[in-house]
Amino acid sequence: MTTPAVLLHIGSEETRVIVRNDDNEDKNLLLTLGSQLTSVGYFRHSPPTPDEMETAIMVVEDEVIRIRHDIPPGARLFSTDNDIRALARIAGEAENEVMTLSLDAVERTFDRLALVINGRPAHFEGIPDGNDFAATLLILREFMHHLQFDDIVVKGTKFEM
């Protein structure tokens, strides 16, 4: 029996989730969330205002929660996304072929983004000042939090679940 796995890909226009259960059957799920789609749809300012971020959080939460029953208990979360790999480096993970980014590290990085949203220069926090980064971080944070993943394993381009 293999451990169920979830592969996450946050694209610019949509987020693709592939769920592999114990039976090795893949289920493909699409979320109407993406780095550009979310940033263009909800962020009018750069960085987004606190109200813009709050609205985006509610929308992302609703979309993520929609698939909660499709995620098997005990599943591991994986990604091959370069943007998530970059986010792991920003969160303090050393560059490796396989990197593990904890939910706590994602939350701490989101706290740094909140400081930027509230007026601190992005370079003081060592994070990109683009809204696509903010949207990717938001989507990852809400995905991990609401679907109860403690960490995400980021691998190189060749991926086996």
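Residues numbered from 1 in each chain as written. Predicted model: local features only at pLDDT ≥ 70, side-chain atom pairs only at ≥ 80, totals over all residues. Heavy atoms only, no water.

What to know about the nonpolar core
Moving on, step 1. In this structure, L140 and F143 are the most contacted members of the largest nonpolar core, which totals 46 residues.
Moving on, step 2. Sort the elements by how many residues they give to this core and helix α6 (residues 131-146) lands first, with nine residues.
Moving on, step 3. L140 has contacts with L8, I10, I84, L87, L101, V106 and I152, leaving out every residue within four places of it along the chain.
Moving on, step 4. Counting five residues, the second largest nonpolar core, distinct from the first, contains A5, L7, F78 and V153. (Core = buried A, V, L, I, M, F, W, Y, C linked by side-chain atoms within 4.5 Å. Buried < 20%, exposed > 50% of the residue type's maximum accessible area, 1.4 Å probe, protein only. Helix = DSSP H or I, 4+ residues; strand = E, 2+ residues; numbered from the N terminus. Contact = heavy atoms within 4.5 Å.)

Comments concerning the packing of helix α4 (residues 103-117) against α6
Moving on, step 1. At a minimum axis distance of 10 Å, the contact between α4 and α6 shows a crossing angle of 140°. Put simply, α4 runs oblique to α6. Like other packed secondary-structure pairs, α4 and α6 cross with a definite hand, here left-handed. Contacts between α4 and α6 involve L103, V106, E107, T109, F110 and L113 from the former and F133, A134, L137, L138, L140, R141, M144 and H145 from the latter.
Moving on, step 2. Grouping the constituent residues of the contact of α4 with α6 by class yields 10 nonpolar, two polar and two charged. (Axes fitted to C-alpha atoms, helices over the stretch in contact; angles between N-to-C directions. Parallel < 35°, antiparallel > 145°, perpendicular 65-115°, else oblique. Left-handed = near helix turned anticlockwise from the far one by under 90°. Nonpolar A, V, L, I, M, F, W, Y, C, P; charged D, E, K, R; others polar.)

Considerations on unusual backbone geometry
Moving on, step 1. The residue after S46, namely P47, is reached through a cis peptide bond having omega 0°.
Moving on, step 2. Tracing the backbone shows P47 in the loop between α1 (35-42) and α2 (50-65).
Moving on, step 3. Positive phi values are uncommon outside glycine, yet Q148 reaches one of about 60°.
Moving on, step 4. Its place among the elements puts Q148 in the loop between α6 and β6 (151-154).
Moving on, step 5. When its relative accessible area of 69% is taken as the criterion, Q148 is described as exposed.

Examining the pairing of β6
Moving on, step 1. Two strands pair when backbone bridges link them, and strand β4 (residues 76-79) and β6 are joined in this way by three bridges, in the parallel orientation. When the bridges of β6 are listed, L77 appears paired with I152. (Pairing = 2+ DSSP bridges.)

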